[in-house]
Every structure is written in structure tokens, then in C-alpha cells.
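The chain contents come next:
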Amino acid sequence: AQRALEGFTRSVGKEIKKGATAQLVYVDEGAEAQLASPLHFFLSPKSAYVSGQVVRATEAGFKAAKFDWDKPLAGKKALVTGGSRGIGAAIAEVLARDGATVTVLDIPPMADDLNQVAEQIGGDTLELDITADDAPATIAAKAKEIGGYDVVVHNAGVTRDKMLGNMPEKFWDMVLNINIASQLRINEKLLADGGMGKGGRIISISSIAGIAGNLGQTNYGASKAAVIGMIDAYKDEYAEKGITINAVAPGFIETQMTAAIPFTIREAGRRMNAMNQGGQPVDVAETIAFFASPASQGLTGNVVRVCGQMLLGA
Ligand SMILES: NC(=O)c1ccc[n+]([C@@H]2O[C@H](COP(=O)([O-])OP(=O)(O)OC[C@H]3O[C@@H](n4cnc5c(N)ncnc54)[C@H](O)[C@@H]3O)[C@@H](O)[C@H]2O)c1
């Protein structure tokens, strides 16, 4: 009966139209107090492009300190990788709006855009390739300097599409290294060095390509499915440290990444969802902010799609 609710919710989400959404929240016994955050998010316009999603609330283990729902991240420090443009820049802006001091990280050639984002939100920058050997140590040193990160958003990601038969090894390695391997190394170092403590939040960007698969994206699909694997593999160990780890899987979002898709495929991507339109970077950013909130201590190991209920995938 419990599982039936998933099929019901996902189906009703596709039926109601006119921009209405439907979500399901499972609440573990004793975790009733954790309902506030998902209700707050799912009943607000912030989740306009989120529908047919399932979230599980578990016992938080400890009570979050008092916070203001209008500035839930006041006093918190956040790191956003790939923050110079697109979804990453929107995440940085929304976290700053919610009160966080944000470090935006991107590769050195993106320095101009990176500085512009940091200036707009009163944050600081880290010019760094996350796949560099010393990247975890550089991030851990920065964390130490500012007294630790409360929120780390692994947003940096790339595509290098080719059918598997023609996939150069370097395309495979590059996508896997940026989209997943670097995250594992950074998390490990941050946690080992005290760069993130109790109440910490790790949020990683997956993709519906990692759920449904996509033509020409064996490398990207593998890396984005691996993000979901990471969430699953670490959630229990991190819960013992009071740290949550969740993933957000965007569908078709209007950015430079999707502007590069050929016109007909792009138009199909835009339309093939219950909302009949592409999403905006801010839709992904608001979902990140939902997981980053102190109210979301009981939410870990979740994957929320921001895809307007794309017909591809679940
Ligand atoms: N746009 C979409 O429709 C969509 C859909 C699903 C998932 N995503 C994911 O969302 C995230 C952001 O995508 P976007 O559309 O904003 O892309 P984008 O290309 O506009 O931005 C990605 C950013 O990551 C940075 N980056 C790449 N490699 C890096 C490295 N080695 N070190 C540091 N920074 C690096 C880039 O310089 C860039 O600023 C990615 O993980 C992407 O896979 C996007």
C-alpha cells in the first residue's frame, strides 16, 4: 500500500496539468517533526518545476538550532563548484539570498564570470580545477581558513557526447573524473580534515540522464548514476556524523549546456514533460536550497528530479 502511493502520485502529477504539482513524502515513525521542510518547499512556488517526486523523512538525530524561515542559511558558509555561470551561478545567488556566505569555485579561464558572480552576492572565489591532484587539499585549506563549510554543492559537470563505439577514452575519463571521482575525493578530504561538521550538507547534481539513460551519453549517464550511488553509499555513515547527503537531478534546464543541443532535439527536450516547457536554473537552485536548509536535517539519501515530470525516466 505504501509503495502504491508512488505510482499514484506520479500518475496524478501527469493528470492535473495547468502547472499543478503532486509529491509524496514518506515519514518514518518518530520523524513527524521533519515534515515541515518538505511541506514548506513543496507547497511554495519554489518547487514550480518539481512534480511527481518522492522524499523520505527520517529521524534527524539532533535538533537544529533556531533559525529564521526567511533567512534559513544566515551565518552559514557554502561552497558551490562550477559557480561562474548557468545552474551554479543561480545556486550561489539563491544560497546567498537565504543568508549564506558563498564561495564560488570554477576553473581559472572562467575567472571574469566567477568574480562577477561573487561580487553580486558578496561572496568569494576559488579558481580551481576540481580534478587537479591538489584540489581536495586546496578546498580543505579554504574550509579551515573560514571555519568550515556548512553546505557543499557539487554542481560542476561536463558532457562529452559520443556513441559508445566512437567514444575516445579521454572523453570517458574526463566526464567520470569531473562529474563523480573529484566529488568523492573532495568529500573524503573535507570530512577527514574537519572541513565539514555536524549539521553539514552535501548536495550533488545528478541528471535524468543518470536515471533514464541517454543516446550518446554512456559516459555522462554513468557519471550521473554514480552520483546517486554515492548518495546511497554514504548516507548512513554521514548520518552518524550529523551530515546529510542528497542529489538533485535536473531535466531540461535552459543553460549554455542545453543551448548547444541541436534545435529539434532541444525543442523535444523542452516539451516532453508535464509542464510543457524547459526549467530555469533557479528551479534547480531552489531545490538545492531546500536540502541546504537547517529544517532538512531529517532528509538524507534522497534524489529529487527537477524536470517538470519529464516523460523520459520515471
Ligand atoms: N542544463 C541542464 O539541462 C542540465 C541537466 C541535467 C544536469 N545538469 C547538470 O547541472 C550542472 C550544471 O550544468 P550547467 O547547465 O549550468 O552547465 P554549464 O556548462 O553552464 O556550467 C558548468 C560549470 O562547471 C564548470 N566546470 C567544468 N569543469 C570543471 C572543473 N574541472 N573544475 C571546476 N569547474 C568546472 C564550468 O567551467 C562551468 O562554469 C552540471 O553538473 C550538469 O551536468 C544540467
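Residues numbered from 1 in each chain as written. Predicted model: local features only at pLDDT ≥ 70, side-chain atom pairs only at ≥ 80, totals over all residues. Heavy atoms only, no water.

## A few points about the sheet that holds strand β5 (residues 124–127)
Item 1. Taken in spatial order, the seven strands make up an open sheet running β5-β4-β3-β6-β7-β8-β9, and their pairing is parallel. The outermost strands of the open sheet, each flanked by one partner alone, are β5 and β9 (303–306). Taking the axes of each pair of neighbouring strands and ignoring which way they run, one obtains an average angle of 20° across the sheet.
Item 2. As judged from the five bridges shared by strand β7 (residues 201–205) and strand β8 (residues 244–250), these two strands associate in the parallel manner. Note on β8: the bridge partner recorded for Ile 203 is Asn 246. (Pairing = 2+ DSSP bridges. Helix = DSSP H or I, 4+ residues; strand = E, 2+ residues; numbered from the N terminus. Axes fitted to C-alpha atoms, helices over the stretch in contact; angles between N-to-C directions.)

## Looking at helix α1 (residues 4–16)
Item 1. With 13 residues, α1 ought to run about 18 Å at 1.5 Å a step, and its terminal C-alpha atoms sit 18 Å apart, in line with that.
Item 2. Regarding α1, the residues found buried are Glu 6, Thr 9 and Gly 13. Take α1 and look down its axis: the buried residues cluster within an arc of 65°, on one side only. Residues Ala 4, Phe 8 and Glu 15 are exposed on α1 and point more than 90 degrees away from its buried face.
Item 3. Count one or two residues on from α1 and you reach Lys 17, which has phi positive near 55°. (Expected span 1.5 Å × (residues − 1). Buried < 20%, exposed > 50% of the residue type's maximum accessible area, 1.4 Å probe, protein only. Arc of directions from axis to C-beta.)

## Re the nonpolar core
Item 1. By size, the foremost hydrophobic cluster in this structure holds 41 residues, and its most contacted members are Ile 91, Leu 95, Val 102, Val 284 and Ile 288.
Item 2. Broken down by element, the residue count for this core peaks at eight residues, all from helix α3 (residues 86–97).
Item 3. Excluding residues that lie within four positions of it along the chain, Val 102 makes contacts with Ala 78, Val 80, Ala 92, Leu 95, Ala 96, Ile 121, Gly 123 and Asp 124.
Item 4. Ranked by size, the runner-up nonpolar core spans 30 residues in total, among them Ile 139, Val 158, Ile 186 and Ala 209. (Core = buried A, V, L, I, M, F, W, Y, C linked by side-chain atoms within 4.5 Å. Contact = heavy atoms within 4.5 Å.)

## Side note on the site of the ligand
Item 1. Near the ligand there are 29 residues, and of these Arg 85, Asp 106, Asn 155, Tyr 220 and Thr 255 occur at the shortest range.
Item 2. One of the side-chain nitrogen or oxygen atoms of Asp 129 is found 2.8 Å away from a nitrogen atom of the ligand.
Item 3. One of the side-chain N or O atoms of Thr 255 is found 2.7 Å from an oxygen atom in the ligand.
Item 4. Coverage of the ligand by the protein chains reaches 95% of its 820 Å² of free accessible surface.
Item 5. Taken together, the elements giving at least two residues each to the shell around the ligand come down to α3, β4 (101–106), α8 (218–240) and α9 (256–259).
Item 6. Residue composition of the shell around the ligand, by class: 15 nonpolar, 10 polar and four charged. (Near = heavy atom within 4 Å. Polar contact = N/O pair within 3.5 Å; in protein donor to acceptor, adjacent residues only side chain to side chain. Areas by Shrake-Rupley, 256 points an atom, 1.4 Å probe, with all protein chains shown as cover. Nonpolar A, V, L, I, M, F, W, Y, C, P; charged D, E, K, R; others polar.)

## A look at the packing of aromatic side chains
Item 1. All chains considered together, the criterion is met by six aromatic pairs.
Item 2. Where Phe 41 meets Phe 290, the ring centres are 4.4 Å apart and the plane angle is 10°; that geometry is what we call stacked. One end of the pair, Phe 41, is in helix α2 (residues 36–42); the other, Phe 290, is in helix α11 (residues 281–292), with 249 residues separating them in the sequence. Both residues of the pair, Phe 41 and Phe 290, belong to the buried class.
Item 3. Their ring planes at 35° and their centres at 5.3 Å tell us that Tyr 234 and Tyr 238 sit as a pair that is tilted. (Phe/Tyr/Trp six-rings, centres within 6.5 Å; stacked < 30°, edge-to-face > 60°.)

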